[in-house]
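What the coordinates show
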Amino acid sequence: MEIISSDVSVTTLPETFSQKQNLCIMFLAALSFAYFSKALSGSYMKSTITQLERRFDIPSYLIGVIDGSFEIGNLLVIAFVSYFGAKLHRPKIIAIGCVLMSFGTFLIAMPHFILGRYKFQSSVRGSMNSTTTFGPCPASSAESTQAGCEQESSVSMWIYVFLGNVLRGIGETPVHPLGISYIDDYARSENAALYISCVQTISIIGPVFGYLLGSLCAKIYVDIGYVNMETITITPGDARWVGAWWLGYLIAGAITLMSAVPFWFLPKSLPIPVDKQLNANFTPEQTRFIKDSPSAMEHKFRPEEPANFHQMAKEFVPTLKSLLGSPVYITYLCVTIIQFNSLIGMVTYKPKYIEQHYGKSASKANFLMGMVNIPAVALGMFSGGVLMKKFKLGVMGAAKFAFGTSLLGYFLSLFFFAMGCDNAKVAGITMSYTGVEGLSYQQPSLFSECNSGCLCSGSDWDPVCGENGITYVSPCLAGCTSSTGAGSQPSNLTASLGHCPIRDSCDTMFPYFLFLSVITSFIISLGGTPGFMLLIRCIKPEFKSLALGVHTLATRTLAGIPAPIYFGAVIDTTCLKWGNTKCGRRGACRIYNTTAYRVVYLGLTMGLRTVSFFLCILGFALLRRHVKQEEKIALTNGNVEMEFESLRKEESNNSIHSDQFVRALDCNPDRETRL
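Only a predicted model underlies this, so the values are computations on that prediction, with no experimental measurement involved. (Residues numbered from 1 in each chain as written. Predicted model: local features only at pLDDT ≥ 70, side-chain atom pairs only at ≥ 80, totals over all residues. Heavy atoms only, no water.)

Before going further, it helps to examine the overall build of the protein chain. Helix and strand content of the protein chain: 19 helices and 12 strands. Here the protein chain, with 675 residues, has 51% of them falling under the buried criterion. In the structure as shown, the protein chain presents an accessible area of about 31,300 Å², 64% of it carried by carbon and sulfur atoms. (Helix = DSSP H or I, 4+ residues; strand = E, 2+ residues; numbered from the N terminus. Buried < 20%, exposed > 50% of the residue type's maximum accessible area, 1.4 Å probe, protein only. Areas by Shrake-Rupley, 256 points an atom, 1.4 Å probe, with all protein chains shown as cover.)

Another aspect to go through is the pairing of strand S12 (residues 586–592). Among the seven residues that make up S12, six are buried, leaving the element largely enclosed by the rest of the structure. Where strand S11 (residues 575–580) hands over to S12, the hairpin turn is made up of five residues, of which Gly584 adopts a positive phi near 90°. (Pairing = 2+ DSSP bridges.)

Evaluation of the coordinates by the stated rule reveals 23 aromatic pairs. Judged by centre distance (5.6 Å) and plane angle (70°), the rings of Tyr410 and Phe411 are edge-to-face. Here the aromatic residues Tyr353, Tyr358, Phe416, Phe510, Phe513, Tyr592, Tyr597 and Tyr601 are joined through ring pairs into a cluster of three or more. The cationic tip of Lys38 hangs over the ring face of Tyr35; the distance from NZ or CZ to the ring centre is 4.7 Å. Over the aromatic face of Tyr226 sits the side chain of Arg117, whose NZ or CZ is 4.1 Å from the ring centroid. (Phe/Tyr/Trp six-rings, centres within 6.5 Å; stacked < 30°, edge-to-face > 60°. Lys NZ or Arg CZ within 6 Å of the ring centre and 35° of its normal.)

On to the packing of helix H17 (residues 544–560) against helix H18 (residues 562–572), then. Look at H17 against H18: their axes get within 5 Å of each other, and the N-to-C directions meet at 15°. Between H17 and H18, the angle is such that the two are roughly parallel. When H17 is examined against H18, the residues Thr557, Leu558, Ala559 and Gly560 are found in contact with a partner set consisting of Pro562, Ala563 and Pro564. Across the contact of H17 with H18, the residue classes tally to five nonpolar, two polar and no charged. (Axes fitted to C-alpha atoms, helices over the stretch in contact; angles between N-to-C directions. Parallel < 35°, antiparallel > 145°, perpendicular 65-115°, else oblique. Contact = heavy atoms within 4.5 Å. Nonpolar A, V, L, I, M, F, W, Y, C, P; charged D, E, K, R; others polar.)

In this structure, Arg168 sits in helix H6 (residues 158–172). Although Arg168 lies buried, it forms no salt bridge, and the closest oppositely charged side chain, Asp67, sits 7.0 Å away as judged by the N-O distance. Once residues lying within four places of it in the same chain are set aside, the contact partners of Arg168 are Lys38, Ser41, Gly42, Phe70, Met101, Gly104, Thr105 and Ile108. (Lys, Arg positive; Asp, Glu negative; His and termini not counted. Salt bridge = Lys/Arg side-chain N within 4 Å of Asp/Glu carboxyl O.)

So, on to the state of the cysteines. Counted by the stated rule, this structure contains three disulfides. Across the disulfide from Cys421 sits Cys506; the S-S distance is 1.8 Å. Measuring the twist about the S-S bond at about 90°, one finds the Cys421-Cys506 disulfide to be right-handed. Separated by 85 residues along the polypeptide, Cys421 in the loop between helix H14 (395–413) and strand S6 (464–466) and Cys506 in helix H15 (residues 504–526) bring together distant segments of the chain. For the pair Cys421 and Cys506, one class covers both residues: buried. (Disulfide = S-S within 2.5 Å.)

Below you can see the structure in the form of structure tokens.
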């Protein structure tokens, strides 16, 4: 059936309820898959920061720039996509975004196929099964260094990773604001929170697979298939190890490309439940006609309007001005920006924190993030949506619930400060060659009487573990004169390649760290869905897509871009020994001061959350006033509607009585007509 009036047309309603359900289910499934794919590639990016840092020999702050480039891509188009996209064919715009995301992911992997083979610093030559004797002077020549430097200086390959991540950010832009607003437009009010929590829960499953993929690829050597693995003298736990980071990006790009397919077959609009407000373009007569229509008892539709870009552009600035004039919305933005700074910085460097602080390999750190931490977040997000639906939380109820869970998680997180490990015993860095503990950031401390005649290089990093449980920066600095199998031989001791094992006390502390991490992640994520629903419930319906877009723009501009950079810069200040590139410039950090790392990493995370709680107090006051105003408006409108309905019924009754009187006169046989 199609309803046509002089100034508006309504699209054909589906003939059966099952057709309506199929459309809704198809969009939910497609959006969930898109969320899954973008979350998978995003989490895989974070799982590879250590690999990228070592492969391109760059410090942590530069890794933060690469990670923040995704948000730069969002920044370029988010406001326009959110506003104009909401008035166009939203599913197809989301499909285009998914295609761009996949191309960006493929671009990130490109440097692997352009760069030569990865070469790490090593004093041991040849196969690990061979026995060789080398002189005290390192086996490197100025000519090879000069050639390597010229090759390295030709181009900075990490630029491709940066640009690919920017393209990923541009492609991801329409998925969140257009997808969530699409669901909220066409779902029943009481089901919207549950549907959104389902989508967000499935999107959190993406990081599970992303970190597991990162764990798998981190175990595989970067040049697998191109080198003889018997000649590789380092293991995944070594600070110089680089896994097959590029392989995961090819897999993630293919999955993201597939997620674009379903959106091409979805309509511009879906059935809208009757409990939602009718579109303002309908006249009162059209509204009553559609409501009384039997086919519209379960759902109704928005009118299909031709896109008027001139009118949309003309209304954009006043609409944006009206949105930003809401004190509740602005306060909500400030709170979430600060909390997102804390969250993004913490999540970005958490695998690296596990590696450096507890001595785990990148593969194991990513595996634990995927199998332990992320599922707790997914369960918390879903449970929050279920609780909000079960207890029918309003705006104030959702705000109190989100604040309470965040505050409880904050207090539990303070215990992380007590779960520390001592610095590893490294001669010349964390302790002297005589066994006296003490930190040193200076290169001369690497030399002592036992290696003074060896002419060792202080810039090399090729650690060996001595029988005394102390790690030496290189075999030369340990006083080794020959290499046999997997070990090196000092004058009267034997040293094996690699770091010494982590202390037993730190291994004992690690399970408690994981347990507390799971508990705090679950509790904090419980408030995720109620907090998000608060955003779309405290603004006018017509501002919904733009509000989501501006929220995404603000959080990614002021949190997603700067947080990884300044977190990385602060972490760099705790580095004790830097690696060097072929040209002699500073490369990736080899070892950190774990105590200082813990303090700055956790301190910055908790400090930002502390500031956000003070703003929440102001937010509650503004929100309470906003709710009271809305209740007054609703009460006033309700009285007007009741009066209007009463007058309409009275008018209808009078009309019926008049008709009956006229018919009675017409049927009276005794009536006379007089001249």
